[in-house]
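Letter by letter, the chains look like this.
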Amino acid sequence: MRTKALRSACCFIFLFFLQSALLAQSTDEEKASQHTAELKTRYMRTGNRGDLKDFAILVSHFKYEYKTKLNDWLSFGVQTNGLFNYGTNGLKADGITGSGSIYEGNLWNRRLMTGSAELTLPQIYAEFNIKSHQITVGQFLKNTPLINAEPWPLPNALQGLWYKYTTERGALFQLGTIFQMSSRFSGDFADIGESLSLIGVGVDATGNPAQYRGNVESDLILMTNVNFRVGPRATVDVWNYFVENVTNTFMVEPSLTFGDGSWTAKAMLMYQSRVNNGGNELTQLAYTFDESASYLGARLEKGWENNKLQLNFTRIGDQGRFLLPREWGKEPFYTFRRRTRIEGNSDVTAVMLNWERSWDKEKSRYRLFTGMVQNWMPDAFDAPQNKRKLPSHLHWDASFKYEPKGRLNNLSVELYTAYRWLTDEIGTDLNALINRADFWHIDFIVGYKF
């Protein structure tokens, strides 16, 4: 009921200001509208070792976005997204372990999605621009390090108010007050606490399935950001995420360009602390039971011509699980690769080497990236440290993207492939193997923008 009421309130705000703006005087030159439409079809498959089940799914995704500027200070935007599957038989659980798919199930969550199609309205907002100040109110998308849109299968959307201020010297200040979220796994706006448990919840400190789904009490996220320059070659980005009654996560990221300008060094430090009781007065129903957790990352990057080479490092301390809800977007860890989320763990060390190249030909554009990361995890069965029974592994992946020019310049074709090797001992419990190690994964995406 509350979700519907807030949606109605957002629609009322939208229509009220739309009517007011239409009555205001403005010239034709001041009015500007933008339309964006996109259609993508995606096939995904994971082949597990031996007799463990393979998983596959084929889905189509579309997006339509409209934004109009009614005068110098007021704009409106709306976006709709849809998802269609061509059958979900490839998502049936494995007969040996009882485990379902992970990656394919993330494209179509059968617990939250029914039938063969889903439609959602992630954005309907008003945007006010007054000199260097910008205020966004309603339902909108924002990309931040910890909470971001991550569009597949549906975009993560926020409902609330966002303030942005840019100084004359280029410093940036942002403040977000968020009351509800729409996760990519459902497309429906929900209270903050409810949004934390839309997909797998992992295990609690005793190794039993976690019980926080539907039991986390939180109605507010406060996000603050300051980004500023320190001299001609250095910047500092600072974020703080306060999740009422659950956690507070502080992040600072300095960045330095040096040498001839082709070298970049970055560091990322995050500290997470429990707020009040971690989501519920009963420990077994709370989202987090650790008092604190920490992350340290480092990156060295070299760019030349159309190439970029990175060496990345991650260390999650051993004092507590570092929790970044998968319902809220991609991890900001420097060693993050597609299919390699490591949140929910403590005592993790990772090293990654990544290479990317993009180039143009007369009739086409290309992009290639490949990388390898070694994740040293805590024991897969150490429940207080390992939320999802993820063993240590070596992960390699590569992506090749093709975009023609000319009449089909809005077309894109991408092939992604990955293999993950188990580098740990797991005994006979195959639940720590299926979809977690010793698997081959492919992802084929065809897209067209209108």
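Heads up: the structure comes first, above all this text.
Residues numbered from 1 in each chain as written. Predicted model: local features only at pLDDT ≥ 70, side-chain atom pairs only at ≥ 80, totals over all residues. Heavy atoms only, no water.

Caption draft 1: Local environment of the pattern of salt bridges. In the structure shown here, the tally under the stated rule is 17 salt bridges. Between Asp54 and Arg45 there is a salt bridge, and its shortest N-O distance comes to 3.5 Å. Since its relative accessible area comes to 31%, Asp54 is described here as partly exposed. Exposure remark for Arg45: the relative accessible area of 34% places this residue in the partly exposed category. Here Lys67 makes a salt bridge to Glu127, at a shortest N to O gap of 3.3 Å. Taken together, the residues Lys67 in strand β2 (residues 55-69) and Glu127 in strand β4 (residues 117-130) connect sequence positions 60 residues apart. In this structure Lys67 comes out as partly exposed when scored by relative accessible area, which is 24%. Relative accessible area serves as the criterion here: at 9%, Glu127 is assigned to the buried category. One network of salt bridges, with partners in common, ties together Arg42, Arg339 and Asp443. (Salt bridge = Lys/Arg side-chain N within 4 Å of Asp/Glu carboxyl O. Buried < 20%, exposed > 50% of the residue type's maximum accessible area, 1.4 Å probe, protein only. Helix = DSSP H or I, 4+ residues; strand = E, 2+ residues; numbered from the N terminus.)

Caption draft 2: Seen up close, the layout of surface pockets. Space inside the second largest pocket adds up to approximately 310 Å³. If you go around the second largest pocket, you meet 20 residues; those closest to its centre are Glu38, Lys40, Lys63, Pro151 and Lys449. Ranked by the residues each element gives to the lining of the second largest pocket, the list is headed by strand β19 (residues 439-449), at 3 residues. Considering only residue class, the lining of the second largest pocket consists of 7 nonpolar, 7 polar and 6 charged. (1 Å grid on protein atoms, 1.4 Å probe; cavity = no way out; pocket = protein on both sides within 12 Å on 5 of 7 lines; lining within 4 Å. Points joined across faces, edges and corners; volume = space filled by probe spheres on them. Nonpolar A, V, L, I, M, F, W, Y, C, P; charged D, E, K, R; others polar.)

Functional significance is not addressed by these values, which are geometric in nature.
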